[in-house]
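Here's the letter readout for the chains.
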Amino acid sequence: MRDFAESSRREQAAAFDTIGGAYDAAFGQREAQLAAGEWLAGALPQRARVLDLGCGTGLPTAAQLVDAGFDVTGVDISAEMLRLARGNVPEADLHRRDMLTLRPDGADGLGRFDAATAFFSLLMLSRAEIAEMLATLGRLLVPGGLLALSMVEMDQDYQQVSFLGSEIRVSGYPRQELSRMLEPARFTILEDHVVAYQPTDTSTGAEPEMQHYLRCRRD
């Protein structure tokens, strides 16, 4: 099982290396994601530490949070996505890391954060790994820390799909089931809503989807 997980993670990284900037072309208009960033901007003090989990190209979230005056740490498993992010948001502290290896302490720990964002990045994990990652986020955030999370609403566990010309594996939950996942990780949901999203460029093969956004506080 461990060998499969590691091999699968390498395949996910390679897929997003290939996708690169096509992601921003397909999903150029992300009003709900930007609104979640505005929520953090209004709730956090200047220079707050914010973790952008699965930062991709750094657009729009890492750039938005840097512009808001936050100390932004971005993490992504794709070398190409991080190359683009370094060009788009040179002010951010960017790391090529498997999110499941993140810890607050130790020699390679990132410390603790006042807030975190995870916009569609947990999709790339199995359901068991999503539960593990939510627990990890609970440890990475300070008490009272904020989490802006989004997923595509669906009912599947790590199934292979074609996405922007590459094969990836994705997981998702029906709305109420995802909400229940936050409780064991010590998160209180402050707000959640679903958005019907139409991709900006359908010529890329991106399809309409139902996006579930949650705003949470770590207890």
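Below, the structure is looked at part by part. This one's a predicted model, so the numbers in the text were calculated from it and none came from an experiment.

Thresholds applied
- Residues numbered from 1 in each chain as written.
- Predicted model: local features only at pLDDT ≥ 70, side-chain atom pairs only at ≥ 80, totals over all residues.
- Heavy atoms only, no water.
- Helix = DSSP H or I, 4+ residues; strand = E, 2+ residues; numbered from the N terminus.
- Contact = heavy atoms within 4.5 Å.
- Phe/Tyr/Trp six-rings, centres within 6.5 Å; stacked < 30°, edge-to-face > 60°.
- Buried < 20%, exposed > 50% of the residue type's maximum accessible area, 1.4 Å probe, protein only.
- Salt bridge = Lys/Arg side-chain N within 4 Å of Asp/Glu carboxyl O.
- Pairing = 2+ DSSP bridges.
- Axes fitted to C-alpha atoms, helices over the stretch in contact; angles between N-to-C directions.

A few words now on the environment of Gly20. When you line up the elements, Gly20 lands in the loop between helix 1 (2-19) and helix 2 (22-26). Between the alpha carbons of Gly20 and Ala79 there is a distance of 9.4 Å; along the sequence they are 59 residues apart. If we ignore the near neighbours within four places in the chain, the residues touching Gly20 are Thr57, Glu80, Met81 and Leu84.

The next point concerns the packing of aromatic side chains. This structure, assessed with the given rule, holds seven aromatic pairs. For the pair Tyr23 and Phe27, a centre-to-centre distance of 4.9 Å together with 35° between the ring planes defines the contact as tilted. By relative accessible area, which is 4% here, Phe27 ends up buried. Arranged with centres 6.0 Å apart and planes meeting at 20°, the rings of Phe27 and Phe163 form a pair that is stacked. Highlighted residues: Phe27 in the loop between helix 2 and helix 3 (31-43) and Phe163 in strand 6 (residues 156-163), separated in sequence by 136 residues. Side by side, Phe27 and Phe163 carry an identical accessibility label, which is buried. Connected via pairs of aromatic rings, a cluster forms that spans Phe16, Tyr23, Phe27, Phe163 and Tyr197.

Going through the model one piece at a time under the given rule, you end up with 10 salt bridges. Among the ionic pairs, Asp24 bridges to Arg30, the shortest N-O distance being 2.7 Å. Each member of the pair Asp24 and Arg30 is classed as buried. Two residues, Arg127 and Glu177, come together in a salt bridge whose shortest N-O distance is 3.8 Å. Within this pair, whereas Arg127 is found in helix 6 (residues 127-140), its partner Glu177 is found in helix 7 (residues 175-181), the two being separated by 50 residues in sequence.

Read across the open sheet, the seven strands follow the order 3-2-1-4-5-9-8; overall the sheet is mixed. Strands at the two margins of the open sheet, each flanked by one partner only, are strand 3 (93-96) and strand 8 (187-197). With direction set aside, neighbouring strand axes in the sheet form an average angle of 15°. Across 10 bridges, the pairing between strand 8 and strand 9 (residues 209-218) is antiparallel. Residue Glu191 lies in a different strand from strand 9, and its bridge partner there is Arg215. Sheet contacts for helix 5 (residues 79-88): strand 2 (71-76) and strand 3; angle to strand 3, the most-contacted strand, approximately 170°.

Fair warning: the whole summary comes from geometry, so function is off the table for now.
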